[in-house]
Amino acid sequence: MRVFTCSEARQKLKDVLDLARKEGEVRIQRRNGATFSLTAVSEHDENKSPLDVGCVETSIPRDEIVRAVREGHERV
């Protein structure tokens, strides 16, 4: 993983962004020692809903899940 100073990152921003996309992460370090992580976000991730979750296998019947959700909504 490459680490750039703020000055380097500012001067080579295009290269820093390309490197973050290629390698997954680039770090930028300030003079005071604070370090920041820069990662590329794919277009697919940006459009993904936070409610979009993968399938969960369970032995609980659908009726019980629906009932539990409805009870939760009634409490609010």
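What you see is a predicted model; the values in this text were computed from it and never measured. (Residues numbered from 1 in each chain as written. Predicted model: local features only at pLDDT ≥ 70, side-chain atom pairs only at ≥ 80, totals over all residues. Heavy atoms only, no water.)

**Q** What's the story with the sheet that holds strand β1 (residues 3-5) in this structure? I'm lost.
**A** By definition, the strands of a sheet pair up through backbone hydrogen bonds, in either a parallel or an antiparallel sense. One open sheet holds the three strands; their spatial order is β1-β2-β3, and the pairing between them is mixed. Across the chains shown, the open sheet's two edge strands, defined by having one partner strand only, are β1 and β3 (35-38). Pairs of neighbouring strands in the sheet enclose a mean axial angle of 30°, with direction left out of account. The pairing of β1 with strand β2 (residues 26-29) spans three bridges and is classified as parallel. Bridge assignment links Thr 5 to a residue of β2, and that residue is Gln 29. (Pairing = 2+ DSSP bridges. Helix = DSSP H or I, 4+ residues; strand = E, 2+ residues; numbered from the N terminus. Axes fitted to C-alpha atoms, helices over the stretch in contact; angles between N-to-C directions.)

**Q** For this particular structure, what's the right way to read the pattern of salt bridges?
**A** One side chain can pair with another of opposite charge once the charged atoms of both are near each other. Scanning the entire structure with this criterion turns up three salt bridges. The shortest N-O distance in the salt bridge between Asp 18 and Lys 14 comes to 2.9 Å. One end of the pair is Asp 18 and the other is Lys 14, both in helix α2 (residues 13-23) and four residues apart, which spans about a single turn. Relative accessible area serves as the criterion here: at 60%, Lys 14 is assigned to the exposed category. (Salt bridge = Lys/Arg side-chain N within 4 Å of Asp/Glu carboxyl O. Buried < 20%, exposed > 50% of the residue type's maximum accessible area, 1.4 Å probe, protein only.)

**Q** Can you walk me through the nonpolar core in this structure?
**A** The tendency in soluble globular proteins is for nonpolar side chains to be buried side by side. Within the largest apolar cluster, seven residues are counted, these being Phe 4, Ala 9, Val 16, Leu 19, Ala 20, Val 26 and Ile 28. Listing elements by their share of this core, those giving two or more residues are α2 and β2. Here this core gets three residues from one element, more than from any other, and that element is α2. (Core = buried A, V, L, I, M, F, W, Y, C linked by side-chain atoms within 4.5 Å.)

**Q** Any chance you could explain the environment of Ser 59 here in plain terms?
**A** Along the polypeptide, Ser 59 turns up in the loop between α3 (43-47) and α4 (62-75). In the structure, Ser 59 is positioned 39 residues away from Ala 20 in sequence and 42 Å away in space, judged by C-alpha atoms.

Scope: geometric values only; no functional claims are made or implied.
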